[in-house]
Amino acid sequence: MFVLVTGGTGYIGSHTCIELIKAGFDPVIIDNLLNSNEVVLERIETVTGKRPIFIKGDVLDSDFLNGVFDKYSFSAVMHFAGLKAVGESVQKPFLYYENNVSGSLNLIKAMERVGLHNLIFSSSATVYGLPKSVPIREDFATSTSNPYGASKLMVEDILTDLVKANDQWNIATLRYFNPIGAHESGLIGEDPKGIPNNLFPYISQVAVGKLEYLSVFGDDYDTPDGTGVRDYIHVVDLAKGHVCALRKVLENSGHLVVNLGTGNGYSVLEMVRAFETVSGKAVPFKIIERRPGDIGACYSETRLAKEVLGWEAKFDLSRMCEDTWRWQSNNPNGFE
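Scoring rules and cut-offs
- Residues numbered from 1 in each chain as written.
- Predicted model: local features only at pLDDT ≥ 70, side-chain atom pairs only at ≥ 80, totals over all residues.
- Heavy atoms only, no water.
- Helix = DSSP H or I, 4+ residues; strand = E, 2+ residues; numbered from the N terminus.
- Rg over C-alpha atoms; globule rule 2.2 N^0.38 Å.
- Contact = heavy atoms within 4.5 Å.
- Areas by Shrake-Rupley, 256 points an atom, 1.4 Å probe, with all protein chains shown as cover.
- Pairing = 2+ DSSP bridges.
- Buried < 20%, exposed > 50% of the residue type's maximum accessible area, 1.4 Å probe, protein only.
- Right-handed = clockwise from strand over helix to strand, strands pointing away.
- Phe/Tyr/Trp six-rings, centres within 6.5 Å; stacked < 30°, edge-to-face > 60°.
- Salt bridge = Lys/Arg side-chain N within 4 Å of Asp/Glu carboxyl O.
- Axes fitted to C-alpha atoms, helices over the stretch in contact; angles between N-to-C directions.
- Polar contact = N/O pair within 3.5 Å; in protein donor to acceptor, adjacent residues only side chain to side chain.

Enquirer: Explain the overall build of the protein to me, using residue names and the numbers behind them.
Expert: If you tally the helices and strands in the protein, you get 11 helices and 14 strands. Here the protein has a C-alpha radius of gyration of 19 Å; the compact-globule value for 336 residues is 20 Å, and the two agree. Once the C-alpha set of the protein is aligned to its principal axes, its extents read approximately 55 × 45 × 40 Å. When contacts within the protein are restricted to residue pairs at least 6 apart in sequence, those whose partners lie at least 24 apart make up 80%. Total accessible area computed for the protein in this model is approximately 14,000 Å², and 47% of it derives from carbon and sulfur atoms.

Enquirer: Lay out the sheet that holds strand β12 (residues 266–267) with the relevant residues and their values.
Expert: With mixed pairing, three strands are arranged side by side in an open sheet as β12-β9-β14. Of all the strands in the sheet, the pair left with one neighbour each is β12 and β14 (297–298). One ladder, built from two bridges, connects strand β9 (residues 229–230) with β12; its direction is antiparallel. In the sheet register, arginine 230 faces β12, and the bridge partner there is tyrosine 266.

Enquirer: Lay out the pairing of strand β5 (residues 118–124) with the relevant residues and their values.
Expert: Across the seven residues of β5, seven count as buried, placing the element largely inside the fold. Judged by which residues are buried, β5 turns out to be covered on both faces: Asn118, Ile120, Ser122 and Ser124 on one side and Leu119, Phe121 and Ser123 on the other are all buried. Bridging between strand β4 (residues 74–79) and β5 involves three bridges; their strand directions are parallel. For histidine 79, the partnering residue across the bridge sits in β5 and is phenylalanine 121. Pairing of β5 with strand β6 (residues 170–176) involves seven bridges; the strand directions are parallel. For serine 124, the partnering residue across the bridge sits in β6 and is tyrosine 176. Handedness of the crossover joining β5 and β6 through helix α6 (residues 147–165): right-handed.

Enquirer: Outline the packing of aromatic side chains, listing residues and values.
Expert: With the rule as written, the count across this model stands at seven aromatic pairs. Here tyrosine 96 and tyrosine 148 contribute two aromatic rings whose centre-to-centre distance is 6.5 Å and whose plane-to-plane angle is 85°, an arrangement assigned as edge-to-face. Here tyrosine 96, found in helix α5 (residues 93–114), pairs with tyrosine 148, found in helix α6; they are 52 residues apart in sequence, far enough to count as distant. Seen in terms of ring centroids, tryptophan 327 and phenylalanine 335 are 5.0 Å apart; in terms of plane orientation they differ by 55°. Their pairing is tilted.

Enquirer: Please give an account of the pattern of salt bridges that cites residues and values.
Expert: Taken as a whole and assessed by the stated rule, the structure comprises 15 salt bridges. Among the ionic pairs, aspartate 26 bridges to lysine 50, the shortest N-O distance being 2.2 Å. Of this pair, aspartate 26 sits in strand β2 (residues 26–31) while lysine 50 sits in the loop between α2 (39–48) and β3 (53–56), placing them 24 residues apart in sequence. The class of lysine 50 is partly exposed, set by a relative accessible area of 36%.

Enquirer: Talk me through the sheet that holds β3; I want residue IDs and the actual numbers.
Expert: An order of β3-β2-β1-β4-β5-β6-β11 is seen for the seven strands of this open sheet, with the pairing classed as parallel. What marks the edges here is a single partner per strand, and that holds for β3 and β11 (255–260). Mean inter-strand twist for the sheet, computed between neighbouring axes without regard to direction, equals 20°. As paired elements, β2 and β3 share four bridges and run parallel to each other. Paired with aspartate 31 across the strands is lysine 56, a residue of β3. Along the sheet, helix α1 (residues 11–22) contacts β1 (2–6), β2, β4 and β6; its crossing angle with β2, the most-contacted strand, is approximately 165°. Sheet strands touched by helix α8 (residues 235–249): β1, β4, β5, β6 and β11. Its angle to β6, the strand with the most contacts, is close to 160°.

Enquirer: Tell me about the side chain of serine 36, and name the residues and values.
Expert: For serine 36, the position within the fold is in the loop between β2 and α2. A polar contact of 2.7 Å, which involves the side chain of serine 36, links it to the side chain of threonine 9. Discounting residues that sit within four places of it in the chain, serine 36 has contacts with Thr9, Gly10, Asp31 and Lys193.

Enquirer: Describe helix α7 (residues 199–207), and please don't skip the residues or the numbers.
Expert: Each α-helix turn comprises 3.6 residues. Residues three or four places apart therefore point the same way. Counted residue by residue, α7 has nine buried out of nine residues, so it is predominantly covered. At its buried positions, α7 is contacted by β7 (178–180), β8 (214–217), β10 (232–234), α9 (268–279) and α11 (317–330). A positive phi of about 95° marks glycine 209, the residue just after α7.

In structure tokens, the structure reads:
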């Protein structure tokens, strides 16, 4: 059963492809390799014994997408492809709207053209903006504090309207929180190009000696230690959540909007201390000004995922740190 995975050589996409193969699906990856590396295909094959089909291309290219859909008969699409750095989106908003919104529209048109209506969309907790309280439920009001979040919310609105207009669509919109960790083999993990935009790869690169210190964006939030609090979820747990969502969508689910998180919030400094404990390495840091678009606390209510998808996160913070350190220490330069 072929499943198209856009952005499938990326961090979350590659881990999801492993879980898809383990579950008996055949992932077909399309990726432009802007923020990923083709070496990941060999690593997936080493882990699973099966190399996913890979086609290099961009979701912004409609002719390319139509060619892929003409070649393969897919049961569903998992849409990961897009840009995801909050800070960069503030500096380059048009780039984010073009890639994340236009790319999604092209994909939807290509799916409509062949009569395929099963979609799992990679959304984000950033669509909750500044939440009124925590934990965050799926029925909370949505808003955005940065162009990245706005681009995700625009696509969510498009998908909501699609389902209203055509009840053939079965869509799982997965709002996930902060993926960290790596595959237990140490062969696959997060490999950002250039200076990392996310906390955990930055911490691990400081620990391995690639970066001098961690910049902590603000220590004056209304949180226990003043640093930002987030819900960190192991990427393998997240990948398994996507497989659960796929199974649900294939049962003609209609439109689902579900959080994927652990329901626990950890501050930046708590994450630093946890990583130091596991790795045995010091992670020096400096407090600097808040980053535009950031909020103080963000963690999820998890009940709906368990009720609707039969899914819940299994791995704790220690395991997230252990798997991250195994990946980073074995691959100090990522996939290079």
